[in-house]
Amino acid sequence: MTAPNPFQDPLRFRRRVPPCAIVIFGANGDLTKRKLIPALYRLAYDRRIPPGFFVVGNSRTAMSDDQFREKMRESLPKFLEDTPFDETLWNDFARNLSYVAGDLNDAACYARIGEKIANSENTLFYLSTQPSHYETVIEQIGAAGLAKGKGNGWRRIVVEKPFGHDLATARQLNAKLHEVFEEDKVYRIDHYLGKETVQNVMAFRFGNGIFEPLWNRRYINHVQITAAESIGVEGRGSYYQEAGALRDMIQNHLLQVMSTIAMEPPAVFEPDVVRDERAKVLRSIRRIKREEVPDYSVAGQYGPARIGTEEVPGFRQEPGVSPDSQTDTYSAVTVFVDNWRWADVPFYIRSGKRLPKRVTDIAIQFNAAPHSPFSTNGEEPLPTVRPNLLILRIQPEEGISLRFLSKQPGEGMQLRPVSMDFNYGTSFGARSPSAYETLLVDVMIGDATLYTRQDMVEASWAAVQPILDYRPEHKADFPNYAAGTWGPKASDEMLAKRGHVWRVP
Ligand SMILES: NC(=O)c1ccc[n+]([C@@H]2O[C@H](COP(=O)([O-])OP(=O)(O)OC[C@H]3O[C@@H](n4cnc5c(N)ncnc54)[C@H](OP(=O)(O)O)[C@@H]3O)[C@@H](O)[C@H]2O)c1
C-alpha cells in the first residue's frame, strides 16, 4: 500500500472557475489598479476565467463605464510585470468591466450594484476601500439583500488587510461580518500566504521524508524570520503612522509565515484541516505579561542618514508624519510556541523599513554537532563548528539553501561552510503566478486554504496585544536606528540575552 499524499487533494486540482461577478469597493484606489485588475487580466490571458465573468467597480468619483475602463487600461501596462499587454485581449476583457459611482454610505448605491448583479448566480464582494468603511459596507450589503445568491449560487466576501487595529476591533469586525455572512463565505486575505514560496514551505516540509524528523526542538536551535525593506514610507507616511511594523507586517503576514513553519503535518490538504493546524500554532504562542514586553520585543524608528550619495530623511521628516511620532518603523519580537514540538525554541521575527536591503527569508538554525573531532588545540574552534542553517528565501531570488561544513581542499582538516542551493527561477524556468492571481482563483473556486479564518486572526492579534498595550504607555526614545542600518541595538541585545545573533541576510 502506498503512503497517503496530503497534497493529492481533488479540490485544488479541479481549479475550474465558475462564472461570477466581482464587485470591487474602492475601485478608484491604488490596490485595484496595482494588483486586482492586473491579476484578473493575467488570469484572462491564461484563459483561467470563464466567459460569464464580470467586474463591477464602485467608488465616489463620477465615471462612465468607458471612463473606468480607460483608467484601468492606462495603468495596466505599468503593473503587469511579466505579462505582455495585448490590445485584442484587453478589448475582450474590458467589455466585462463596469462601474457604479456612489458613496458607500448611501443605500441607493447598493441598489444600483444590486441591479448589475441581479442575474449573476455567483458574486464576490471585494473590500478594497479604507478599513474604516468595512463595517458600513458589510451592513449595507446585508440591508440591500445582496448577501444571498440565486438558487445554488454563492455570495462571498474578501476582506483586505488590515483586519482590525487590535484584538477588540478585529473581534468587532468578525461579529459584524457574521451578522451578514456565514464564516465559510468570509475570505480574509493575507497575500503572503498566496506567495509561491510560502506555499512551498508546506511542500518542502510535508512532501519530503527527510526534513520532518529534524523539525523539532531536539534539532532546531532557533528560527529567524526577516522581512526587510530598503525603502521608507514612499509618500504613505500618514497611512503608515497609524499602522507601524508590528501591525502592518508581524501580526498578520509574519505570524502566518511562522505558523506555516511550526504547524503539524495536516492529514489531508483540505482548507479546514490545514487551517486547523495553523490555528493551533497561533493559539499556542506564549501569552506574555505586560511587564515582560521589553524582554520579548523591540521597537525602532529610523532617523535621517546619508546612504551612498543620497541624503535620506528620518521617518519623522517624511511628509504626513508627525514630528514626535511614536510609530515603529521596525519591530522585532521573540515568540515561543508552547507545545511539545517547540517548547523553548525561540522564533525571532523582525520587520523594518529603511534597512540595508529588501529581503524576506526564514532561517532555521540547527543545533551544532554535539561533539567536534576537528577542534583546534584550545584555539577558537571557529568555522569548524558552525551549525547547519537552512534558509527559505521568500523574496527576492526565491529559493532554498542548506549550509553545511565541507573540508577545504589541501592539507589538514580545515572545514569551511558551503551551501547547497535551489533556485526557483533556474529550476522551473516557468513564471510563478502572483499572490493575487492565486488567491483570486482560490476564492472563486471556494478554496479557503490560504485565507485566514476568524480564530486565526483573533489568535494572532491576541499574541501581539500585550505589546500594543505596553507601547503607548512607554514612550520610546526615537529615532533609534539610522536609515540604511539593520535596526536598533536593543534588537541585537534581545537575541544576545538568549545567546543568539541576528544573521545578516
Ligand atoms: N495599495 C496597496 O498596495 C494595498 C496592499 C495591501 C492591502 N491594501 C488594502 O486595500 C484597501 C484599499 O487600499 P488602497 O491603497 O487601494 O486605498 P485607496 O487608494 O485609498 O483607495 C480606496 C478608494 O475608495 C474610494 N472611497 C473612499 N471613500 C469612499 C466612500 N465614502 N464611498 C465610496 N468610495 C470611497 C476612493 O475613491 P473615490 O475618491 O473615487 O471615492 C479611493 O480611491 C485598504 O484596506 C488597504 O489597507 C492595499
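The structure under discussion appears in the preceding block.
Here the structure is a predicted model, which is why all the values come from computation and not from measurement. (Residues numbered from 1 in each chain as written. Predicted model: local features only at pLDDT ≥ 70, side-chain atom pairs only at ≥ 80, totals over all residues. Heavy atoms only, no water.)

Draft legend 1. Molecular detail of the side chain of Arg156. Looking at the secondary structure, you find Arg156 in strand β5 (residues 155-159). Asp184 provides the closest opposite charge to the buried, salt-bridge-free Arg156, at an N-O distance of 7.6 Å. A distance of 3.3 Å separates a polar side-chain atom of Arg156 from the backbone oxygen of Met444. Not counting chain neighbours up to four residues away, the residues in contact with Arg156 comprise Thr123, Leu124, Phe125, Lys185, Tyr187, Val443, Met444, Ile445 and Gly446. (Helix = DSSP H or I, 4+ residues; strand = E, 2+ residues; numbered from the N terminus. Buried < 20%, exposed > 50% of the residue type's maximum accessible area, 1.4 Å probe, protein only. Lys, Arg positive; Asp, Glu negative; His and termini not counted. Salt bridge = Lys/Arg side-chain N within 4 Å of Asp/Glu carboxyl O. Polar contact = N/O pair within 3.5 Å; in protein donor to acceptor, adjacent residues only side chain to side chain. Contact = heavy atoms within 4.5 Å.)

Draft legend 2. How the structure looks around the pairing of β5. Counting buried residues along β5, five of its five residues qualify, which places the element largely inside the surrounding structure. Burial along β5 is two-sided: Arg155, Ile157 and Val159 and Arg156 and Val158, pointing in opposite directions, are all buried. With five bridges connecting them, strand β4 (residues 123-127) and β5 associate as parallel partners. Bridging from a neighbouring strand, Tyr126 pairs with Val158 of β5. Here β5 pairs with strand β6 (residues 186-188) via three bridges, running parallel. Residue pairing across strands places Val158 opposite Tyr187, the latter belonging to β6. (Pairing = 2+ DSSP bridges.)

Draft legend 3. Structural detail: the packing of aromatic side chains. Applying the stated rule across the entire model yields 21 aromatic pairs. Taking the centre distance of 6.3 Å and the plane angle of 40° together, the rings of Phe85 and Trp90 count as tilted. By relative accessible area, Phe85 is classed as partly exposed at 27%. Note on Tyr187 and Tyr451: the rings are 5.0 Å apart at their centroids and 85° apart in plane angle, and the pair reads as edge-to-face. Placement of Tyr187 in strand β6 and of Tyr451 in the loop between α15 (435-445) and α16 (454-473) is noted, with a sequence separation of 264 residues between them. A single burial state applies to Tyr187 and to Tyr451, both of which are buried. Among the aromatic residues, ring-to-ring pairing joins Tyr240, Tyr302, Phe315, Tyr330 and Tyr481 into one connected group. Its guanidinium or amino end placed over the ring of Trp154, Arg156 lies 3.9 Å from that ring's centre, counting from NZ or CZ. (Phe/Tyr/Trp six-rings, centres within 6.5 Å; stacked < 30°, edge-to-face > 60°. Lys NZ or Arg CZ within 6 Å of the ring centre and 35° of its normal.)

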